[in-house]
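# Overview (structure and organization)
Okay, here's what each chain looks like letter by letter:
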Amino acid sequence: MTTDYHAMWQELGLNMPQHDTLMAALPAIFGNVYLGQPQRPQGMGYYDFVVSEIHGLRVKELVDHKAKGGKVFGNFCVYVPEEVILAAGGVAVGLCGGADFSVPVAEQLLPRNTCALIKSAVGFKLGGTCPYFQVSDLIVGETTCDGKKKTWEILDEYVPTYVMDLPNSRTEADRALWIGELKRFVDKVEAVTGNRVTTESLGDAVQLVNRKRAALQRLFDLRKARPSPISGLDALLPVQISFYDDPVRFTQKLDELCNELEERVRAGRGVAPASARRILYSGTPMPIPFWTIASLIEATGAVLVAEESCTGTRLLAGGQTAMPGGGLAAQLAALANRQLQTNCACFTPNDGRTDDILRMVDEYQADGVIHFSLSFCAPYNLEAVRVRQALQKAGVPVLVLDGDYSEEQAGQLKTRIEAFVETL
Ligand code: BJ8
(Lines give C-alpha, C1' and ligand atoms only; values in the text may rest on other atoms or scores of the structure.)
Protein backbone atom coordinates (compact mmCIF):
# COMPACT_ATOMS: atom_id res chain seq x y z
CA MET A 1 0.00 0.00 0.00
CA THR A 2 1.40 3.41 -0.91
CA THR A 3 1.62 6.12 1.76
CA ASP A 4 -0.55 9.20 1.41
CA TYR A 5 1.67 12.28 1.81
CA HIS A 6 -1.02 14.91 1.16
CA ALA A 7 -1.08 16.17 4.76
CA MET A 8 2.72 16.64 4.71
CA TRP A 9 2.63 18.44 1.34
CA GLN A 10 -0.14 20.71 2.56
CA GLU A 11 1.83 21.56 5.68
CA LEU A 12 4.85 22.41 3.52
CA GLY A 13 2.69 24.98 1.73
CA LEU A 14 2.65 23.33 -1.69
CA ASN A 15 0.16 24.47 -4.31
CA MET A 16 -1.91 21.31 -4.04
CA PRO A 17 -3.84 21.33 -7.35
CA GLN A 18 -0.65 22.06 -9.34
CA HIS A 19 1.34 19.55 -7.34
CA ASP A 20 -1.32 16.86 -7.85
CA THR A 21 -1.10 17.48 -11.61
CA LEU A 22 2.67 17.01 -11.51
CA MET A 23 2.46 13.86 -9.39
CA ALA A 24 -0.18 12.40 -11.69
CA ALA A 25 1.99 12.96 -14.79
CA LEU A 26 5.32 11.62 -13.53
CA PRO A 27 4.63 7.85 -13.28
CA ALA A 28 3.57 7.67 -16.94
CA ILE A 29 6.59 9.72 -18.09
CA PHE A 30 8.98 7.59 -16.06
CA GLY A 31 7.29 4.35 -17.09
CA ASN A 32 7.45 5.22 -20.79
CA VAL A 33 11.10 6.21 -20.70
CA TYR A 34 12.51 3.68 -18.25
CA LEU A 35 10.49 0.57 -17.63
CA GLY A 36 10.44 -0.88 -21.13
CA GLN A 37 14.24 -1.04 -21.48
CA PRO A 38 15.63 -4.52 -22.15
CA GLN A 39 18.11 -6.24 -19.80
CA ARG A 40 17.67 -3.82 -16.88
CA PRO A 41 19.83 -4.73 -13.89
CA GLN A 42 17.84 -5.87 -10.85
CA GLY A 43 19.64 -3.26 -8.78
CA MET A 44 17.72 -0.55 -10.62
CA GLY A 45 14.72 -1.56 -8.53
CA TYR A 46 15.91 0.72 -5.72
CA TYR A 47 16.09 3.75 -8.03
CA ASP A 48 12.68 2.99 -9.54
CA PHE A 49 11.37 2.95 -5.97
CA VAL A 50 13.06 6.30 -5.19
CA VAL A 51 11.41 7.85 -8.25
CA SER A 52 8.04 6.39 -7.26
CA GLU A 53 8.54 8.15 -3.90
CA ILE A 54 10.09 11.26 -5.43
CA HIS A 55 8.15 13.71 -3.25
CA GLY A 56 7.42 11.18 -0.51
CA LEU A 57 9.84 9.18 1.58
CA ARG A 58 12.93 11.39 1.28
CA VAL A 59 10.90 14.55 1.94
CA LYS A 60 9.45 12.86 5.03
CA GLU A 61 13.00 12.10 6.21
CA LEU A 62 13.90 15.78 5.79
CA VAL A 63 10.77 16.89 7.63
CA ASP A 64 11.68 14.49 10.48
CA HIS A 65 15.24 15.85 10.49
CA LYS A 66 13.88 19.37 10.88
CA ALA A 67 11.49 18.28 13.63
CA LYS A 68 14.59 17.30 15.62
CA GLY A 69 16.11 20.74 15.06
CA GLY A 70 18.12 19.85 11.94
CA LYS A 71 18.54 22.16 8.94
CA VAL A 72 18.27 21.56 5.20
CA PHE A 73 20.35 23.37 2.57
CA GLY A 74 19.12 23.44 -1.04
CA ASN A 75 21.71 23.97 -3.75
CA PHE A 76 22.25 23.82 -7.51
CA CYS A 77 25.94 23.25 -8.09
CA VAL A 78 28.70 20.77 -7.34
CA TYR A 79 30.77 23.70 -6.06
CA VAL A 80 28.53 23.94 -2.98
CA PRO A 81 30.39 21.63 -0.57
CA GLU A 82 28.10 18.96 0.85
CA GLU A 83 30.93 18.03 3.23
CA VAL A 84 30.69 21.31 5.15
CA ILE A 85 26.91 21.00 5.48
CA LEU A 86 27.15 17.41 6.74
CA ALA A 87 29.93 18.38 9.15
CA ALA A 88 27.52 20.79 10.87
CA GLY A 89 24.77 18.14 11.11
CA GLY A 90 22.86 19.61 8.15
CA VAL A 91 21.49 17.88 5.07
CA ALA A 92 22.31 19.01 1.51
CA VAL A 93 19.78 18.56 -1.27
CA GLY A 94 20.39 19.28 -4.92
CA LEU A 95 17.24 20.99 -6.17
CA CYS A 96 15.80 19.84 -9.49
CA GLY A 97 15.65 22.05 -12.49
CA GLY A 98 14.99 19.46 -15.17
CA ALA A 99 11.26 19.70 -15.84
CA ASP A 100 9.44 21.67 -18.49
CA PHE A 101 6.37 21.61 -16.21
CA SER A 102 7.59 24.54 -14.08
CA VAL A 103 8.96 26.71 -16.92
CA PRO A 104 5.75 28.66 -17.82
CA VAL A 105 5.29 30.04 -14.31
CA ALA A 106 8.95 31.17 -14.24
CA GLU A 107 8.51 32.92 -17.58
CA GLN A 108 5.92 35.20 -15.98
CA LEU A 109 8.82 36.71 -14.03
CA LEU A 110 12.13 35.86 -15.74
CA PRO A 111 13.14 36.72 -19.30
CA ARG A 112 12.24 33.91 -21.69
CA ASN A 113 15.79 33.87 -23.01
CA THR A 114 17.07 32.36 -19.77
CA CYS A 115 18.29 28.74 -19.72
CA ALA A 116 15.68 26.06 -18.99
CA LEU A 117 17.54 24.88 -15.88
CA ILE A 118 17.16 28.25 -14.17
CA LYS A 119 13.58 28.74 -15.33
CA SER A 120 12.58 25.25 -14.25
CA ALA A 121 14.14 25.62 -10.79
CA VAL A 122 12.72 29.08 -10.14
CA GLY A 123 9.35 27.95 -11.48
CA PHE A 124 9.23 25.18 -8.87
CA LYS A 125 9.58 27.80 -6.13
CA LEU A 126 7.19 30.34 -7.65
CA GLY A 127 4.61 27.69 -8.45
CA GLY A 128 4.91 25.98 -5.06
CA THR A 129 5.39 22.55 -6.62
CA CYS A 130 8.70 21.36 -5.12
CA PRO A 131 8.67 20.05 -1.52
CA TYR A 132 12.51 20.10 -1.43
CA PHE A 133 12.42 23.86 -2.00
CA GLN A 134 9.77 24.21 0.71
CA VAL A 135 11.72 22.16 3.22
CA SER A 136 15.00 24.04 2.65
CA ASP A 137 16.06 26.47 5.39
CA LEU A 138 18.59 28.12 3.13
CA ILE A 139 19.27 28.09 -0.59
CA VAL A 140 22.96 28.19 -1.45
CA GLY A 141 23.76 29.71 -4.83
CA GLU A 142 27.10 30.38 -6.51
CA THR A 143 28.50 32.88 -8.98
CA THR A 144 29.13 30.42 -11.79
CA CYS A 145 27.27 31.82 -14.79
CA ASP A 146 25.67 35.26 -15.12
CA GLY A 147 22.22 33.73 -15.31
CA LYS A 148 22.51 32.11 -11.91
CA LYS A 149 24.28 35.12 -10.39
CA LYS A 150 21.37 37.44 -11.18
CA THR A 151 18.75 34.81 -10.36
CA TRP A 152 19.92 34.55 -6.73
CA GLU A 153 19.09 38.23 -6.21
CA ILE A 154 15.54 37.58 -7.41
CA LEU A 155 15.14 34.25 -5.60
CA ASP A 156 16.21 35.83 -2.30
CA GLU A 157 12.91 37.72 -2.29
CA TYR A 158 11.08 34.37 -2.06
CA VAL A 159 13.42 32.24 0.05
CA PRO A 160 16.62 33.08 1.99
CA THR A 161 19.44 32.68 -0.52
CA TYR A 162 23.14 32.76 0.30
CA VAL A 163 25.71 33.15 -2.47
CA MET A 164 29.21 31.65 -2.67
CA ASP A 165 31.55 33.76 -4.76
CA LEU A 166 33.25 31.30 -7.14
CA PRO A 167 36.06 32.94 -9.12
CA ASN A 168 36.00 32.42 -12.90
CA SER A 169 39.72 31.65 -13.23
CA ARG A 170 42.04 29.34 -11.33
CA THR A 171 45.15 31.34 -10.49
CA GLU A 172 46.74 31.13 -7.04
CA ALA A 173 44.85 34.29 -6.07
CA ASP A 174 41.57 32.69 -7.19
CA ARG A 175 42.36 29.56 -5.20
CA ALA A 176 42.97 31.69 -2.10
CA LEU A 177 39.71 33.51 -2.74
CA TRP A 178 37.78 30.23 -2.96
CA ILE A 179 39.37 28.89 0.24
CA GLY A 180 38.23 32.14 1.88
CA GLU A 181 34.72 31.52 0.53
CA LEU A 182 34.72 28.03 2.03
CA LYS A 183 35.67 29.54 5.41
CA ARG A 184 32.88 32.12 5.08
CA PHE A 185 30.50 29.25 4.23
CA VAL A 186 31.58 27.35 7.36
CA ASP A 187 30.61 30.42 9.42
CA LYS A 188 27.25 30.66 7.67
CA VAL A 189 26.44 26.96 8.08
CA GLU A 190 27.45 27.13 11.76
CA ALA A 191 25.15 30.13 12.25
CA VAL A 192 22.19 28.41 10.56
CA THR A 193 22.61 25.03 12.29
CA GLY A 194 23.93 26.25 15.64
CA ASN A 195 26.59 23.51 15.38
CA ARG A 196 30.36 23.86 15.09
CA VAL A 197 32.29 22.45 12.14
CA THR A 198 35.31 20.79 13.72
CA THR A 199 38.36 19.07 12.28
CA GLU A 200 36.81 15.80 13.36
CA SER A 201 33.30 16.41 12.01
CA LEU A 202 34.64 17.69 8.69
CA GLY A 203 37.00 14.70 8.48
CA ASP A 204 34.05 12.33 9.01
CA ALA A 205 31.94 14.17 6.42
CA VAL A 206 34.76 14.06 3.86
CA GLN A 207 35.06 10.31 4.42
CA LEU A 208 31.31 9.84 3.97
CA VAL A 209 31.24 11.82 0.74
CA ASN A 210 34.43 10.12 -0.48
CA ARG A 211 32.67 6.76 -0.12
CA LYS A 212 29.74 8.04 -2.17
CA ARG A 213 32.15 9.40 -4.80
CA ALA A 214 34.01 6.07 -4.93
CA ALA A 215 30.75 4.18 -5.58
CA LEU A 216 29.82 6.60 -8.37
CA GLN A 217 33.30 6.29 -9.87
CA ARG A 218 32.90 2.52 -9.81
CA LEU A 219 29.67 2.86 -11.81
CA PHE A 220 31.47 4.96 -14.44
CA ASP A 221 34.44 2.58 -14.60
CA LEU A 222 32.12 -0.37 -15.22
CA ARG A 223 30.56 1.45 -18.16
CA LYS A 224 33.93 1.35 -19.93
CA ALA A 225 33.34 -2.36 -20.65
CA ARG A 226 32.27 -3.51 -24.10
CA PRO A 227 29.43 -4.48 -24.17
CA SER A 228 28.25 -1.92 -21.63
CA PRO A 229 26.59 -3.64 -18.65
CA ILE A 230 24.04 -0.86 -18.13
CA SER A 231 22.22 1.61 -20.34
CA GLY A 232 23.16 5.28 -20.13
CA LEU A 233 19.57 6.03 -19.26
CA ASP A 234 19.71 3.71 -16.24
CA ALA A 235 23.15 4.96 -15.18
CA LEU A 236 21.88 8.55 -15.21
CA LEU A 237 19.26 7.83 -12.56
CA PRO A 238 21.59 7.01 -9.62
CA VAL A 239 23.71 10.04 -10.53
CA GLN A 240 20.66 12.33 -10.45
CA ILE A 241 19.45 10.74 -7.21
CA SER A 242 22.89 11.09 -5.58
CA PHE A 243 22.17 14.80 -5.19
CA TYR A 244 19.40 14.31 -2.66
CA ASP A 245 19.31 10.77 -1.28
CA ASP A 246 20.66 9.84 2.14
CA PRO A 247 24.40 9.42 1.42
CA VAL A 248 24.92 6.25 3.48
CA ARG A 249 21.93 4.39 2.03
CA PHE A 250 22.74 5.69 -1.46
CA THR A 251 26.31 4.39 -1.33
CA GLN A 252 25.22 0.97 -0.10
CA LYS A 253 22.60 0.62 -2.83
CA LEU A 254 24.94 1.81 -5.56
CA ASP A 255 27.61 -0.65 -4.43
CA GLU A 256 25.02 -3.43 -4.69
CA LEU A 257 24.17 -2.33 -8.24
CA CYS A 258 27.87 -2.20 -9.13
CA ASN A 259 28.38 -5.74 -7.77
CA GLU A 260 25.70 -6.91 -10.17
CA LEU A 261 27.26 -4.98 -13.05
CA GLU A 262 30.65 -6.47 -12.25
CA GLU A 263 29.12 -9.94 -12.63
CA ARG A 264 27.71 -8.90 -15.99
CA VAL A 265 31.07 -7.62 -17.18
CA ARG A 266 32.73 -10.86 -16.07
CA ALA A 267 30.12 -12.85 -18.00
CA GLY A 268 30.40 -10.57 -21.04
CA ARG A 269 26.72 -9.63 -20.74
CA GLY A 270 25.57 -6.20 -21.89
CA VAL A 271 22.45 -4.16 -22.50
CA ALA A 272 23.17 -4.07 -26.22
CA PRO A 273 25.42 -6.08 -28.57
CA ALA A 274 29.15 -5.39 -28.35
CA SER A 275 28.89 -3.92 -31.86
CA ALA A 276 26.42 -1.18 -30.77
CA ARG A 277 27.68 2.38 -31.39
CA ARG A 278 29.03 4.01 -28.23
CA ILE A 279 28.21 7.67 -27.55
CA LEU A 280 29.82 10.09 -25.13
CA TYR A 281 27.60 12.94 -23.94
CA SER A 282 29.20 16.25 -23.12
CA GLY A 283 27.61 19.51 -21.99
CA THR A 284 25.21 21.00 -19.48
CA PRO A 285 23.92 18.91 -16.58
CA MET A 286 20.84 16.71 -17.02
CA PRO A 287 18.95 17.24 -13.75
CA ILE A 288 16.09 14.94 -12.84
CA PRO A 289 13.67 14.42 -14.67
CA PHE A 290 15.45 15.49 -17.88
CA TRP A 291 16.00 12.11 -19.53
CA THR A 292 15.31 13.20 -23.12
CA ILE A 293 18.82 13.22 -24.59
CA ALA A 294 19.83 9.87 -23.06
CA SER A 295 16.57 8.35 -24.17
CA LEU A 296 16.84 9.70 -27.75
CA ILE A 297 20.42 8.46 -28.09
CA GLU A 298 19.56 4.95 -26.94
CA ALA A 299 16.36 4.77 -29.01
CA THR A 300 18.70 4.66 -32.05
CA GLY A 301 20.25 1.41 -30.79
CA ALA A 302 23.43 3.16 -29.66
CA VAL A 303 24.61 3.05 -26.04
CA LEU A 304 25.35 6.16 -24.03
CA VAL A 305 28.57 5.14 -22.28
CA ALA A 306 29.42 8.26 -20.24
CA GLU A 307 28.50 11.86 -19.56
CA GLU A 308 31.10 14.61 -19.37
CA SER A 309 28.76 16.75 -17.30
CA CYS A 310 27.99 17.62 -13.70
CA THR A 311 25.45 14.79 -13.79
CA GLY A 312 28.39 12.67 -14.91
CA THR A 313 32.14 12.62 -14.55
CA ARG A 314 32.55 16.35 -13.77
CA LEU A 315 30.82 15.56 -10.49
CA LEU A 316 33.70 13.20 -9.72
CA ALA A 317 36.57 15.40 -10.91
CA GLY A 318 39.50 15.50 -8.54
CA GLY A 319 38.66 12.02 -7.21
CA GLN A 320 38.78 11.57 -3.46
CA THR A 321 39.25 14.60 -1.23
CA ALA A 322 42.54 14.32 0.65
CA MET A 323 42.36 14.43 4.43
CA PRO A 324 45.49 16.24 5.53
CA GLY A 325 46.59 16.90 9.09
CA GLY A 326 46.94 20.54 10.08
CA GLY A 327 43.41 21.38 11.18
CA LEU A 328 40.38 22.93 9.55
CA ALA A 329 42.32 25.38 7.36
CA ALA A 330 44.29 22.55 5.72
CA GLN A 331 41.11 20.51 5.27
CA LEU A 332 39.33 23.40 3.52
CA ALA A 333 42.35 23.90 1.26
CA ALA A 334 42.21 20.20 0.33
CA LEU A 335 38.50 20.51 -0.41
CA ALA A 336 39.14 23.57 -2.60
CA ASN A 337 41.92 21.75 -4.45
CA ARG A 338 39.61 18.87 -5.26
CA GLN A 339 36.68 21.10 -6.24
CA LEU A 340 38.69 23.37 -8.52
CA GLN A 341 39.44 20.39 -10.75
CA THR A 342 35.80 20.46 -11.90
CA ASN A 343 36.06 21.95 -15.36
CA CYS A 344 32.88 24.04 -15.50
CA ALA A 345 32.57 26.19 -18.61
CA CYS A 346 32.25 29.23 -16.36
CA PHE A 347 36.07 29.12 -16.01
CA THR A 348 38.51 30.77 -18.35
CA PRO A 349 40.75 29.32 -19.56
CA ASN A 350 39.15 25.88 -19.36
CA ASP A 351 41.31 23.74 -21.65
CA GLY A 352 41.21 20.92 -19.10
CA ARG A 353 37.63 20.23 -20.14
CA THR A 354 38.59 19.56 -23.76
CA ASP A 355 41.43 17.32 -22.55
CA ASP A 356 38.93 15.43 -20.38
CA ILE A 357 36.57 14.87 -23.33
CA LEU A 358 39.39 13.57 -25.55
CA ARG A 359 40.63 11.27 -22.77
CA MET A 360 37.08 9.98 -22.19
CA VAL A 361 36.61 9.19 -25.89
CA ASP A 362 39.54 6.76 -25.52
CA GLU A 363 38.70 5.39 -22.09
CA TYR A 364 35.05 4.69 -22.91
CA GLN A 365 35.80 3.60 -26.51
CA ALA A 366 33.31 6.17 -27.81
CA ASP A 367 32.49 6.23 -31.52
CA GLY A 368 31.20 9.79 -31.36
CA VAL A 369 30.41 12.71 -29.06
CA ILE A 370 27.08 14.49 -28.69
CA HIS A 371 27.55 17.93 -27.14
CA PHE A 372 24.31 19.39 -25.80
CA SER A 373 23.87 22.71 -24.06
CA LEU A 374 20.71 24.34 -22.90
CA SER A 375 19.68 27.25 -25.11
CA PHE A 376 20.78 30.65 -23.74
CA CYS A 377 23.61 29.05 -21.73
CA ALA A 378 26.45 31.26 -22.95
CA PRO A 379 29.32 29.38 -21.21
CA TYR A 380 28.52 25.94 -22.66
CA ASN A 381 27.23 27.09 -26.05
CA LEU A 382 30.37 29.15 -26.63
CA GLU A 383 32.74 26.55 -25.24
CA ALA A 384 31.17 24.06 -27.69
CA VAL A 385 33.07 25.89 -30.45
CA ARG A 386 36.44 24.87 -29.06
CA VAL A 387 35.24 21.41 -28.05
CA ARG A 388 34.08 20.78 -31.62
CA GLN A 389 37.37 22.05 -33.07
CA ALA A 390 39.42 19.80 -30.76
CA LEU A 391 37.33 16.73 -31.53
CA GLN A 392 37.39 17.35 -35.29
CA LYS A 393 41.16 17.78 -35.14
CA ALA A 394 41.42 14.42 -33.38
CA GLY A 395 39.14 12.81 -36.00
CA VAL A 396 36.30 12.15 -33.55
CA PRO A 397 32.77 12.55 -34.98
CA VAL A 398 30.87 15.22 -33.04
CA LEU A 399 27.35 16.63 -33.08
CA VAL A 400 26.68 19.96 -31.35
CA LEU A 401 23.12 20.61 -30.21
CA ASP A 402 21.27 23.06 -28.07
CA GLY A 403 17.74 23.00 -26.78
CA ASP A 404 15.42 22.97 -23.81
CA TYR A 405 13.15 20.55 -21.97
CA SER A 406 10.07 20.92 -24.19
CA GLU A 407 8.35 18.20 -26.23
CA GLU A 408 8.62 20.32 -29.39
CA GLN A 409 12.40 20.44 -29.03
CA ALA A 410 12.57 16.71 -28.45
CA GLY A 411 11.16 16.10 -31.93
CA GLN A 412 13.88 18.19 -33.60
CA LEU A 413 16.65 16.72 -31.46
CA LYS A 414 15.47 13.20 -32.33
CA THR A 415 15.94 13.80 -36.06
CA ARG A 416 19.45 15.22 -35.60
CA ILE A 417 20.57 12.49 -33.19
CA GLU A 418 19.27 9.71 -35.45
CA ALA A 419 21.04 11.18 -38.48
CA PHE A 420 24.30 11.51 -36.53
CA VAL A 421 24.29 7.96 -35.16
CA GLU A 422 23.60 6.63 -38.66
CA THR A 423 26.83 8.21 -39.91
CA LEU A 424 28.96 6.45 -37.31
S1 BJ8 B 1 29.93 23.39 -11.97
S2 BJ8 B 1 27.96 23.07 -14.93
S3 BJ8 B 1 26.61 22.44 -11.72
S4 BJ8 B 1 27.46 25.77 -12.73
S5 BJ8 B 1 22.94 25.61 -18.01
S6 BJ8 B 1 22.57 27.53 -15.03
S7 BJ8 B 1 25.82 27.27 -16.61
S8 BJ8 B 1 23.18 29.16 -18.11
S9 BJ8 B 1 24.57 24.44 -14.58
FE10 BJ8 B 1 26.51 23.94 -13.51
FE11 BJ8 B 1 27.99 24.15 -11.29
FE12 BJ8 B 1 29.07 24.57 -13.67
FE13 BJ8 B 1 28.42 22.14 -12.94
FE14 BJ8 B 1 24.14 28.70 -16.14
FE15 BJ8 B 1 24.39 27.28 -18.34
FE16 BJ8 B 1 22.03 27.49 -17.20
FE17 BJ8 B 1 24.00 26.09 -16.00
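The paragraphs below set out a description of the structure included in this document. (Residues numbered from 1 in each chain as written. Predicted model: local features only at pLDDT ≥ 70, side-chain atom pairs only at ≥ 80, totals over all residues. Heavy atoms only, no water.)

### Structural notes on the nonpolar core
By size, the foremost hydrophobic cluster in this structure holds 136 residues, and its most contacted members are Y47, F133, F185, L237, I241 and L254. Here this core gets eight residues from one element, more than from any other, and that element is helix α11 (residues 199–222). Other than its neighbours up to four places away in sequence, F185 contacts V80, P81, V84, I85, V140, Y162 and M164. (Core = buried A, V, L, I, M, F, W, Y, C linked by side-chain atoms within 4.5 Å. Buried < 20%, exposed > 50% of the residue type's maximum accessible area, 1.4 Å probe, protein only. Helix = DSSP H or I, 4+ residues; strand = E, 2+ residues; numbered from the N terminus. Contact = heavy atoms within 4.5 Å.)

### Some thoughts on the pairing of strand β7 (residues 368–374)
Within β7, seven of the seven residues are buried, which leaves it mostly tucked inside the rest of the structure. Of the pairings in the sheet, the one linking strand β5 (residues 278–283) to β7 comprises five bridges and is parallel in character. The residue of β7 that forms the bridge with L280 is V369. Pairing analysis gives six bridges linking β7 to strand β8 (residues 398–403), with the strands arranged parallel. Paired with I370 across the two strands is L399, which belongs to β8. Assessed by its sense of winding, the connection that carries the chain from β7 through helix α17 (residues 378–393) to β8 is right-handed. (Pairing = 2+ DSSP bridges. Right-handed = clockwise from strand over helix to strand, strands pointing away.)

### Quick notes on the packing of helix α7 (residues 116–127) against helix α9 (residues 146–155)
Between α7 and α9, the least distance of the axes is 11 Å, while the angle of their chain directions is 10°. Relative to α9, the element α7 lies roughly parallel. Contacts between α7 and α9 involve I118, V122 and K125 from the first element and G147, K148, T151 and L155 from the second. (Axes fitted to C-alpha atoms, helices over the stretch in contact; angles between N-to-C directions. Parallel < 35°, antiparallel > 145°, perpendicular 65-115°, else oblique.)

### Section: α17
With 16 residues, α17 extends 23 Å between its outermost C-alpha atoms, agreeing within 8% with the 22 Å of an ideal straight helix rising 1.5 Å per residue. The sharpest bend along α17 comes to roughly 30°, located at A384. Among all positions of α17, only Y380, E383, A384, V387, A390 and L391 are buried. Taken together, the buried residues of α17 touch β5, α16 (351–363), β7 and β8. The positive-phi residue at the C-terminal boundary of α17 is G395, with phi of around 75°. (Expected span 1.5 Å × (residues − 1). Bend = angle between axes of the 7 residues up to and from the residue.)

### Looking at the pairing of strand β6 (residues 303–308)
On a regular strand, each side chain points to the face opposite its neighbour's, so the side chains alternate between the two faces of the sheet. For β6, the buried fraction is high: six of the six residues fall into the buried class. When β5 meets β6, the two strands line up parallel, connected through five bridges. For R278, the partnering residue across the bridge sits in β6 and is V303. In this view, the connection linking β5 to its parallel neighbour β6 by way of helix α14 (residues 292–299) has right-handed handedness.

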